[in-house]
Amino acid sequence: MESTQRFSGYPLAKEGPKTVYKPTVDKNPALRGWSLIIAAKLVNYSHTIAKATWTNAKFGCVKDVSELRHYDWRLQPIVTPLTADGAVQAKAEITSELHERQPHDLAGRFYSAADYHELFKSGKLTPLQVAKALLPLISRGQEPSAKYESAFAVTKEDIVLAAAKKSTERYAAGQPLGVLDGIPIAVKDDTDVEGYISHMGQPFDPADPFFTPATSTIWPIAQLEAAGAVVVGKLVMHELGSDVSGCNPHWGTPVNWNNPSYYPGGSSSGGGSALSAGLVPIAIGTDAGGSIRIPASFCGGYGLKPTLHRTHTMKSSICVIGPMTATANDLAIAYRVMSAPNPGDPVQGSFALSVPPSASSKKTIGIYRDWFDQASPDVLDATRKAISYFTDRLGYEVVDITIPYLLEGQYGHSSWALTEGIDHQRSRAMDPSNPLAKLNHCNQLLMAVGGCTSGVDMIKCGQLRGLLMEHLAFLWKKHPNMLVVTPTVPEAGWKIHPGDQAYGFSDGNATIRNMMYIWLANSTGCPAVTAPVGYADAEVGEGKLPVGLMAMGEWGAEEQLLAWAKEAEGYLNDVREGGRYRPRDWADVVEIAKSTE
């Protein structure tokens, strides 16, 4: 049965052209060391070389899709679920099942917000003890260096301890604000938190007015703080969020504690690292091209990319703010708090609450097999086993679907993301005539190439976005409440190359491959969630490589996706042989905190 939900901006349900998915071999050279430095200089010196690089990356292929002449462009894929007439805009409730704690003897158990909340209520632990235990583990500038500092750009001891002290006093008075009160969380370094500089992965320059502390906290983070959560620091990220490995030559690359020989994923790399180490149960990231879901997948956690503008209206048609967590319940808690309607934001504030389908609704998974099957054998093995659990145990039906122009759509999304990136960089640079001068070599290369995208190319990308959105609307009309399921990333991990920390690296082929599934939700504004469903053996280093499964839902379907992630968690914890894997160097913050005064 079709949903009765009303929308603003919902696309026409129209089947797209029949196309064949035939991946081609990309020819972007991997650049490291001097080859990277020279390439960055050349594309900034010569527009001809930059344009040739742009063309070689296939960023211009969208304009060659002849069927686009039949479609209007969608420069912003804003689709807003609306409240019913007469209904009052409301916050989502933190329902009782989200307070449930996992069994203490569960394999690979991570601490959740509910675990901390119960310890705080019982008096066995205080938020102040937890904050004092964490700061020496994560703060930079110590001698020797803190073990887990690679995940954190900045910590502010005075701010952290003041917030933890207030929370401790509320518990002592028997008046905690809720399950998030006193819970340590961390925030990506592109998201404003009062008192902190948002470096966006760049080196600090005291002469640059961009690097000034925020005077206010952005809405979704402010909602978490209002619920009592304690922000313990800002998280390292890939510079400008421009790639998905997480490599950052200046701040250092956050460690993937599942296997330190592999990248954590990006650009919310610090969030993935902090979660894999057990430092916080909740991290907040941004996602313009998988930057929440890829590090969540590589680091073995959960990540939600909400519907465009669901938590905050950003200056982007592809980027959102969303949660990354160690457990499925905490993903739901963080999302519900972050998505409270903002009366000062006419777009975000108009969203109706996400409502899951009724329990009696048909449960459908849509799979485009030619696309799905491009993943590596290890990833296919783990994800297919998980899908069998959904069908055999939980009653899901798998339907075969197709989606047109996926290759062209991905190249178009990449060019769009870089174009947004160069625009943002120009707007904040001290010298707008030379906005790339202070960026690392990777971004000097990427941004110069992104600047070659023309207005015509952007319009054609908007037309292709419109085509894809109409086709997805057609699929959801044909299969109501269907979840489009793919691997999150086609590879279980991304090996660190020796020497990359000196200058970074640019490997367009690897980037395009690792983004092959995640981009569609960004381009069309749809919500998507990733959940760990298995592990692969590593070629190098010690430890396992997590494998994520991703579901993309209809606009506004966050609650359906969160319920699906909870089901996936049940598979990993209770059904998959061996259960969940916890990294060897996982920090037992609770036990450390118990010995803290």
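My aim in this report is to walk through the structure given alongside it, one point at a time. Only a predicted model underlies this, so the values are computations on that prediction, with no experimental measurement involved.

Cut-off values and rules
- Residues numbered from 1 in each chain as written.
- Predicted model: local features only at pLDDT ≥ 70, side-chain atom pairs only at ≥ 80, totals over all residues.
- Heavy atoms only, no water.
- Helix = DSSP H or I, 4+ residues; strand = E, 2+ residues; numbered from the N terminus.
- Buried < 20%, exposed > 50% of the residue type's maximum accessible area, 1.4 Å probe, protein only.
- Areas by Shrake-Rupley, 256 points an atom, 1.4 Å probe, with all protein chains shown as cover.
- Patch = residues over 30% accessible without salt bridge, like charges linked within 9 Å, V, L, I, M, F, W, Y side chains within 5 Å.
- Salt bridge = Lys/Arg side-chain N within 4 Å of Asp/Glu carboxyl O.
- Pairing = 2+ DSSP bridges.
- Axes fitted to C-alpha atoms, helices over the stretch in contact; angles between N-to-C directions.
- Contact = heavy atoms within 4.5 Å.
- Core = buried A, V, L, I, M, F, W, Y, C linked by side-chain atoms within 4.5 Å.
- Expected span 1.5 Å × (residues − 1).
- Arc of directions from axis to C-beta.
- Phe/Tyr/Trp six-rings, centres within 6.5 Å; stacked < 30°, edge-to-face > 60°.

A few words on the overall build of the protein. Scanning the protein from terminus to terminus reveals 19 helices and 15 strands. Each of the three principal axes of the protein carries a C-alpha extent, and together these read 65 × 60 × 50 Å. Considering the protein as a whole, with its 597 residues, one finds that 61% of them fall into the buried category. For the protein, the accessible area works out to roughly 22,800 Å², and carbon and sulfur atoms hold 54% of it.

The next subject is a nonpolar patch on the surface. A cluster of nonpolar side chains, contributed by Trp34, Ile38, Leu42 and Ile49, occupies part of the molecular surface with about 410 Å² of accessible area. Looking at the nonpolar patch, the element that brings in the most residues is helix α1 (residues 33–45), giving three residues. On the basis of relative accessible area, Ile38 is assigned to the partly exposed category, the value being 47%.

The next point concerns the pairing of strand β8 (residues 302–305). It is a general feature of regular strands that their side chains alternate between the two faces of the sheet. Residues Tyr302 and Leu304 of β8 are buried on one face, and the alternating residues Gly303 and Lys305, pointing to the opposite face, are buried as well. With two bridges joining them, β8 and strand β9 (residues 320–325) adopt antiparallel strand pairing. By the bridge assignment for β9, Gly303 is matched with Met324. Relative to strand β14 (residues 528–537), β8 is paired through three bridges, and the arrangement is antiparallel. Residue pairing across strands places Gly303 opposite Thr530, the latter belonging to β14.

Read across the open sheet, the eleven strands follow the order β4-β6-β5-β7-β9-β8-β14-β15-β12-β10-β11; overall the sheet is mixed. Strands at the two margins of the open sheet, each flanked by one partner only, are β4 (152–154) and β11 (397–400). Averaged over all neighbouring strand pairs, the angle between strand axes comes to 35°, with direction disregarded. Two strands pair when backbone bridges link them, and β14 and strand β15 (residues 544–552) are joined in this way by nine bridges, in the antiparallel orientation. Counterpart to Thr530 in the pairing with β15 is Met550. Together, β8, β12 (483–487), β14 and β15 form the strand contacts of helix α18 (residues 558–575), whose direction differs from that of β14 by roughly 20°.

As a further point, take the nonpolar core. Core analysis: the biggest nonpolar cluster contains 152 residues, and Leu180, Leu279, Trp371 and Ile403 have the highest contact counts within it. By residue number, the principal contributor to this core is helix α14 (residues 455–478), which donates ten residues. Leu31, Phe59, Leu240 and Leu446 belong to the second largest nonpolar core, which has 21 residues in total.

Let us look at unusual backbone geometry. Cis geometry marks the peptide bond from Glu143 to Pro144; its omega dihedral reads 0°. Note the cis peptide between Gly266 and Ser267, where omega equals 10°. Looking at the secondary structure, you find Ser267 in the loop between β6 (230–235) and α7 (269–276). The phi angle at Met200 is positive, at roughly 55°, despite the residue not being glycine. Within the fold, Met200 resides in the loop between β5 (184–188) and α6 (219–226). One non-glycine residue with positive phi stands out, namely Leu240, at about 65°.

Moving on: helix α5 (residues 157–172). Taking 1.5 Å as the rise per residue, α5 with 16 residues should run 22 Å; its terminal C-alpha atoms sit 22 Å apart, in good agreement. Residues Val160, Ala164, Ser167, Thr168 and Tyr171 constitute the buried set of α5. Projection of α5 onto a plane perpendicular to its axis shows the buried side chains occupying an angular sector of 105°, all on one side. Projecting away from the buried face of α5 at angles above 90 degrees are the exposed residues Asp158, Lys166 and Ala172.

The next subject is the packing of aromatic side chains. Per the counting criterion, the structure on display carries 21 aromatic pairs. Taking 6.0 Å as the distance between ring centres and 40° as the angle between the ring planes, the aromatic pair formed by Tyr116 and Phe120 counts as tilted. Here the residue Tyr116 and the residue Phe120 both occupy positions in helix α3 (residues 113–122), the gap between them amounting to four residues, near one helical turn. Exposure class is identical for Tyr116 and Phe120. Each is buried. Taken together, a centroid distance of 5.4 Å and an interplanar angle of 70° make the contact between Trp476 and Trp555 edge-to-face. In this pair, Trp476 sits in helix α14 while Trp555 sits in the loop between β15 and α18, placing the two residues 79 residues apart along the sequence. Accessibility expressed as a relative area gives 2% for Trp555, which makes it buried. Within the aromatic cluster, the residues linked to one another by ring pairs are Phe110, Tyr111, Tyr116, Phe120, Tyr171 and Trp586.

Another point: the pattern of salt bridges. As enumerated under the stated definition, the model contains 27 salt bridges in all. For Lys58, the salt bridge identified is with Asp26, shortest N-O distance 3.2 Å. Remark: Asp26 occurs in the loop between β1 (6–8) and β2 (31–32) and Lys58 occurs in the loop between α2 (47–56) and β3 (80–82); sequence separation between them is 32 residues. Overall, Lys58 belongs to the partly exposed group, its relative accessible area being 21%. Using a relative accessible area of 14% as the deciding quantity, one classes Asp26 as buried. With a shortest N-O distance of 3.4 Å, Lys234 and Asp189 are connected by a salt bridge. A residue pair is termed long-range when its members are at least 10 positions apart, and Lys234 in strand β6 and Asp189 in the loop between β5 and α6 qualify at 45 residues. The same class applies to Lys234 and to Asp189, which are both buried.

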